[in-house]
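One-letter residues, chain by chain:
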Amino acid sequence: MKILFDGKVQRQTSAVLANKGQVIALCALLSLLTIGALTQPKQTVTVIIGVFLVFYALFVGLKLTMHIASLRYSEPLAKSADISDPDLPVFTVLVPLYKEANMLKSLVRSIMDIEYPKEKLQVLLLLEEDDADTRAEAIGMELPVWFRTVLIPDILPRGKPKALNMGLAQAVGAFCVIYDAEDRPDPDQLLKAVAAFRAAPEDVGCVQARLFFWNESSTWITRFYWIEYVIHFEWVLPGLAKLGLVPPLGGTSNHFKTEVLRSVAIDPERLPKGAEGVGGWDPWNVTEDAELAGALSLRGYSVKMIDSVTREEATASLRIADRQRRRWLKGYLQTGLTYTRHPFRTAREMGYLRWFFYILLVLGTPTALLLNPLFWGLTIAYFITRSPIIESFFPAPMFYSGLVLLVAGNLLLFYQMVIACLHRGGYGSVRYVLLTPLWWAFTSWSAYQVLWELARPATRHVWNKTPHGHDLGKEAGVESVGAAIARLRPGAFRP
């Protein structure tokens, strides 16, 4: 592996799914399993099941530990910087847009409501060359002088990270933040980010705000999205930050030191020709936020949370939810494969524990969804038939361990979803938690679709775009998120 002048491992990309070493390791593993299946089939199946049970124990244990750790998280700062402070830095707002002409007016209005000296704001609307409608809408609007449009060339791979890299090349702010078309951040979010960076240690390269949906009650799908976001932004990210591990960033409302993004950038030679920009984000990775968290950690930077909220619009259609879910899971698999290409060197640079739990999270999430239907089917088949063949694969210690994981693990995750509803005042969503098995089956279906997408070069890097605006009319009637959170509970990030 090429080593940079400072001794650090060079940042990899997802342009190639796996390197030669990973292919050799996979072939060796498959060969061993084939030999085992031909010579000792029962013992081989038992070993495989045992390995999966250990994985489940680690994965569920990590989720429980994150939740407990989040209860002690006290990093976020409620204080905002003074808007009259003459030393406030220039802040760049990166707004990647594609097929969002219907969202542009409300987006611009939301950004104009941000409480920050306008002469110290640089808003870059990143418009795709093949998106004539959004570009025409932007041209037809009388945008303030601190707004600029950046044309993103129609070069493969398409997607948000390539646009962000082009925007980063033109960023002049000391800090920068990403907002999507449907985002409605708290007006004082940039002031809180500045205050957080000023108070944080030098190694903090990013502060992440919380994401919240304004259309939670639209459909049963939006309710599950809402529950997942509560869990992710209230317990997963703060818990990982408290443990000193790697919190996979949200796709928006992550505030960066611009110089940090440039310091971890991908070598320009590895970027798509004609759209190089500055490689803060991997243009071949479709979950660029989670991958960037690993890149920051690899260089010794940490991520903290701030007590601020950005409202978003949850997907209400099952078909669109499937496409979005596939993008997230595909990106997690891409990230896990990228950070295991040179595992020993990467773990040494990142820190062995941080690397291990980062890989467990990004590879474990899709892996659990792939395994769940198999174990559900095996469990149902056993209790219906009492098959001695199935029973023979589970020695007594494994059988009872698996039973405990099945009952306790699923009850724990189910209970977490219920308290997520109660924690955020979503009392009407509690009864929908009874549909959790259907939601889990749906997400497992998406995970299996991901395997097919990754297997085909034509779909490996395809960015499944999520359309917005279907519930835009509900936004106006939503209570201010900051006010709602203050009303629901007193402390930041306190369940």
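What counts and what doesn't
Residues numbered from 1 in each chain as written. Predicted model: local features only at pLDDT ≥ 70, side-chain atom pairs only at ≥ 80, totals over all residues. Heavy atoms only, no water. Helix = DSSP H or I, 4+ residues; strand = E, 2+ residues; numbered from the N terminus. Rg over C-alpha atoms; globule rule 2.2 N^0.38 Å. Buried < 20%, exposed > 50% of the residue type's maximum accessible area, 1.4 Å probe, protein only. Contact = heavy atoms within 4.5 Å. Areas by Shrake-Rupley, 256 points an atom, 1.4 Å probe, with all protein chains shown as cover. Lys, Arg positive; Asp, Glu negative; His and termini not counted. Charge placed at Lys NZ, Arg CZ, Asp CG, Glu CD. Axes fitted to C-alpha atoms, helices over the stretch in contact; angles between N-to-C directions. Left-handed = near helix turned anticlockwise from the far one by under 90°. Nonpolar A, V, L, I, M, F, W, Y, C, P; charged D, E, K, R; others polar. Core = buried A, V, L, I, M, F, W, Y, C linked by side-chain atoms within 4.5 Å. Salt bridge = Lys/Arg side-chain N within 4 Å of Asp/Glu carboxyl O. pLDDT = per-residue confidence, 0-100. Phe/Tyr/Trp six-rings, centres within 6.5 Å; stacked < 30°, edge-to-face > 60°. Patch = residues over 30% accessible without salt bridge, like charges linked within 9 Å, V, L, I, M, F, W, Y side chains within 5 Å.

Asker: Break down the overall build of the protein chain for me, citing the residues and quoting the values.
Answerer: Assigned secondary structure in the protein chain consists of 17 helices and 8 strands. Over its C-alpha trace the protein chain gives a radius of gyration of 23 Å, about what one expects of a compact globule, namely 23 Å for 495 residues. Each of the three principal axes of the protein chain carries a C-alpha extent, and together these read 75 × 55 × 45 Å. The burial tally for the protein chain puts 55% of its 495 residues in the buried class. Pairs at least 24 residues apart make up 83% of the contacts formed inside the protein chain by residues separated by at least 6 positions. Summing over all exposed atoms, the protein chain offers an accessible surface of approximately 21200 Å²; the carbon and sulfur share of this is 64%. Here the protein chain contributes 51 positive and 45 negative side-chain charges, whose respective centroids are spaced 7 Å apart.

Asker: Could you give an account of the packing of helix α12 (residues 352–385) against helix α15 (residues 436–455), naming the residues involved and the relevant values?
Answerer: The contact between α12 and α15 brings their axes to 8 Å, and the two run at 115°. Considering only the axes of α12 and α15, their crossing is left-handed. Counted together, Pro366, Leu369, Leu370, Asn372, Pro373, Leu374 and Trp376 of α12 and Trp440, Ala441, Thr443, Ser444, Ala447, Tyr448 and Leu451 of α15 form the full contact between these two elements. Of the residues that constitute the contact of α12 with α15, the class distribution is 11 nonpolar, 3 polar and no charged.

Asker: Run through the nonpolar core, naming residues and quoting values.
Answerer: Formed by 48 residues in total, the largest nonpolar core has its most connected members in Phe55, Tyr225, Trp226, Ile227, Ile231, Met417 and Trp439. The element contributing the most residues to this core is helix α7 (residues 220–243), with 14 residues. When residues no more than four places from it in sequence are discounted, the contact partners of Trp439 are Trp220, Ile221, Phe224, Tyr225, Glu228 and Arg325. If you look at the next biggest cluster of nonpolar residues, it comprises 37 residues, including Ile152, Ile178, Leu292 and Val362.

Asker: So, the pattern of salt bridges: which residues are in play, and what are the values?
Answerer: Two side chains carrying opposite charge are able to pair once their charged atoms lie near each other. One pass over the full model with this rule turns up 14 salt bridges. The salt bridge involving Glu291 is made with Arg11; its shortest N-O contact spans 2.7 Å. With Glu291 in helix α9 (residues 288–298) and Arg11 in the segment before α1 (20–39), the pair connects residues that are 280 residues apart, well separated along the chain. For the pair formed by Glu291 and Arg11, the shared burial category is buried. Look at the salt bridges and you will find they share partners, linking Arg210, Glu234, Asp307 and Arg424 into a network.

Asker: Any details on the confidence of the model for the protein chain? Residues and values, ideally.
Answerer: Do not read the fine detail of predicted coordinates wherever pLDDT is low. Here the protein chain averages 90 in pLDDT, and 92% of its residues register 70 or above. Overall, residues 1–7 carries pLDDT values under 50, and its contacts beyond four positions in sequence, including any with other chains, amount to 13 contacts. In this model residues 476–495 is a low-confidence stretch, pLDDT under 50, and it forms 40 contacts with partners more than four residues away in sequence or in other chains.

Asker: Let's hear about the packing of aromatic side chains: which residues, and what values?
Answerer: Within this structure, the stated rule accounts for 23 aromatic pairs. On the numbers, 5.9 Å between centres and 85° between planes, the contact of Trp220 with Phe224 is edge-to-face. You can see Trp220 and its partner Phe224 sitting in helix α7, 4 residues apart, about one turn around the helix. You can call Phe224 buried: its relative accessible area is 0%. Judged by centre distance (5.2 Å) and plane angle (45°), the ring pair of Trp439 and Phe442 falls under tilted.

Asker: I'd like a rundown of a nonpolar patch on the surface, residues and numbers included.
Answerer: Where nonpolar side chains cluster on the molecular surface, the patch consists of Phe383, Tyr400, Leu403, Val407 and Leu411 and spans about 490 Å² of accessible area. It is helix α14 (residues 396–423) that contributes the most residues to the nonpolar patch, 4 residues altogether. Summarising the element assignment, Leu403 is placed in helix α14.

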